[in-house]
Amino acid sequence: HDQCFVDSLQFARFLPLLAARGARVRVEVPRALIRLFRSLPGVEILEPGQPLGALDRHVPMMSLARYFAPTTDAIPSAPYLHAPADDISRWRNLLAADRNLKVGLAWAGDPRPELPEATRIDRRRSIALRDLAPLAGVDGVSWYSLQLGAGAAQAGLPDNRFRLIDHTAQLRDFADTAAFMAALDLVITVDTSVVHVAGAIGRPTWLLSRFDGCWRWLLEGETSPWYPSVRVFRQTAHGTWTPVVTELVSALRRAVELHAQPGAAPAENNAHASA
């Protein structure tokens, strides 16, 4: 495990490549990642504190990119994490009756008050749910909350216009979150762990990226070399989300139109259809 959850989620793609070269790969990760990371082929996942045994080499997970992806063209981009099949089936059965475009929404990150710089970044990347209200006016959408932590309380405020369907109490770990996402048509999120889970499993995802965006999303463009299923909507000025939300509304209306067409292609093929 390297730094925070998003780093491990993003760089776990390199672990099977190491195993494919003949290494016996043992990885210790937090419990919240264990079930999802067990889908990585050829990799032994250890719980925190479990004996590591004798090791010939040690490398932080993010450092694997130095060896396997010295340029963006070399980044493995196919889905590389997979939720348990039984869990996916359960969620799909639960949501099967919903014929609307099923959209998962996360609007806030973790402020981490013990880390002042992280707190400042979170203020710039997170969005108040009320500022996303124009999205709630798009017909043909069912909104499912993906928001955990302190930000989830905004759903109960009087200015919330979303009719959020909230199953988050059933999300015990990242495998549960991935399985739930597999039953949705689209994920819309700010720059938090949600985008990395969705990208790692290949779900169509729209990312709202702050003006001084994270290095992961490069400096321009709508696509990401890390996650082909992610479309990036970029803030064009510090603190101003209104143009981004306006662009999202237009894209969402187009996505609803495509979803409603008879014989429409699966949602995962439509992530960039309105670009």
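Data block above holds the structure.
To start, this report covers the structure provided alongside it. Every residue gets a number counted from 1 within its own chain, in the order that chain's sequence is written. Given that the model is predicted, a residue must reach a pLDDT of at least 70 before its local features are reported, and side-chain atom pairs must reach 80 or more before they are shown or counted; all residues, however, enter totals for whole chains, interfaces and linings. Calculation of side-chain values draws on the structure's entire complement of heavy atoms; hydrogens and water are dropped beforehand.

### Some points on the sheet that holds strand β4 (residues 141–145)
Only strands joined by at least two bridges in the DSSP assignment are considered to pair. Strands here are runs of E lasting at least two residues and helices are runs of H or I lasting at least four, both read from the DSSP assignment and numbered beginning at the N terminus. Pairing in this open sheet of six strands is parallel, and the strands run β5-β4-β3-β6-β7-β8 from one edge to the other. Each edge of the open sheet carries a strand with a single partner, namely β5 (164–165) and β8 (230–234). Note that β4 and β5 share two bridges and pair parallel. If you follow Y144 over to β5, its bridge partner there is I165. Where helix α9 (residues 193–200) meets the sheet, it contacts β3 (101–106), β6 (186–190), β7 (205–209) and β8, and its direction lies at approximately 150 degrees from that of β6. The criterion used for residue contact is that any of the two residues' heavy atoms lie within 4.5 Å. Between N-to-C directions, angles span 0 to 180 degrees; the directions come from axes that are lines fitted to C-alpha atoms, helices contributing only their stretch in contact.

### Some thoughts on the nonpolar core
Counting residues in each nonpolar core, the largest one holds 56 residues, and the members touching the most others are L15, F37 and L81. Among the elements that take part in this core, helix α8 (residues 174–182) stands out by supplying seven residues, more than any other. Setting aside anything within four residues of it in sequence, one finds F37 in contact with S8, L9, A12, V29, I45, M61 and L81. Residues grouped as a nonpolar core are buried Ala, Val, Leu, Ile, Met, Phe, Trp, Tyr and Cys residues, joined through side-chain atoms within 4.5 Å. Relative accessibility decides the category of a residue: with a 1.4 Å probe and only protein chains considered, values under 20% of the type maximum give buried, values over 50% give exposed, and everything between is partly exposed. I127, L129, L135 and V138 belong to the second largest nonpolar core, which has 29 residues in total.

### Notes on unusual backbone geometry
The phi angle at L218 is positive, at roughly 60 degrees, despite the residue not being glycine. Here L218 is to be found in the loop between β7 and β8.

### Digging into helix α5 (residues 85–95)
Regarding α5, the residues found buried are D87, I88, W91 and L95. Looking straight down α5, one finds its buried side chains confined to an arc of 100 degrees; they lie on one side. Turned more than 90 degrees away from the buried face of α5 sit A85, D86 and N93, all of them exposed. Buried positions along α5 lie against α3 (31–37), β3, β4 and α8. The arc in question is the one spanned by the directions pointing from the helix axis to the C-beta atoms.

### Some details on the pattern of salt bridges
Just to be clear on terms, a salt bridge is a Lys or Arg side-chain nitrogen sitting within 4 Å of an Asp or Glu carboxyl oxygen. A complete count under the given rule lists 14 salt bridges for this structure. Close ionic contact of E44 with R24 constitutes a salt bridge, the shortest N to O distance being 3.6 Å. Of the two residues, E44 is situated in strand β2 (residues 43–46) and R24 in the loop between α2 (15–20) and β1 (25–28); the sequence distance between them amounts to 20 residues. Given the relative accessible area of 28%, E44 is considered partly exposed.

### Re the packing of aromatic side chains
Each aromatic ring pair is summarised here by two numbers: the centre-to-centre distance and the angle between the ring planes. Any pair of Phe, Tyr and Trp rings, taking the six-membered ring for Trp, is counted once the centres come within 6.5 Å. Such a pair is stacked with planes under 30 degrees apart, edge-to-face with planes over 60 apart, and tilted for the rest. Inspection of every chain in the model, using the stated rule, returns ten aromatic pairs. A centroid spacing of 6.1 Å and a plane angle of 35 degrees characterise the contact between F11 and F14, whose relative ring orientation is tilted. The buried category is assigned to F11, whose relative accessible area is 3%. Aromatic side chains W217 and Y227 sit 6.2 Å apart centroid to centroid with 40 degrees between the ring planes, which places their arrangement in the tilted category. Residue W217 is located in the loop between β7 and β8, and its partner Y227 is located in the loop between β7 and β8; the two are separated by ten residues in the primary sequence. Judged by its relative accessible area of 0%, Y227 is buried. Members of the aromatic cluster, connected to one another through ring pairs, are F11, F14, F68, W215 and W226. Whether a charge sits over a ring comes down to the Lys NZ or Arg CZ being within 6 Å of the ring centre and within 35 degrees of the ring normal. Seen from the ring of W91, R90 lies directly overhead, with NZ or CZ sitting 5.0 Å from the centre.

### Details of the packing of α5 against α8
Contact pair α5 / α8: the axes reach a minimum separation of 8 Å and the direction vectors enclose 45 degrees. Relative to α8, α5 is oriented oblique. Every pair of crossing elements has a handedness; the one defined by α5 and α8 is right-handed. Between α5 and α8, the residues in contact are D87, I88, W91, R92 and L95 and D176, A179, F180 and A182, respectively. Each residue receives one of three labels: charged for Asp, Glu, Lys and Arg, nonpolar for Ala, Val, Leu, Ile, Met, Phe, Trp, Tyr, Cys and Pro, and polar for the others, Gly being one of them. Looking at the contact of α5 with α8 residue by residue, the class counts come to six nonpolar, no polar and three charged. Here the angle decides the label: under 35 degrees means roughly parallel, over 145 means roughly antiparallel, 65 to 115 means roughly perpendicular, and every other value means oblique. Crossing handedness is read from the near helix: turned anticlockwise from the far helix by less than a right angle, it gives a left-handed crossing, and turned clockwise, a right-handed one.

None of the figures reported here should be taken as evidence of function without further support.
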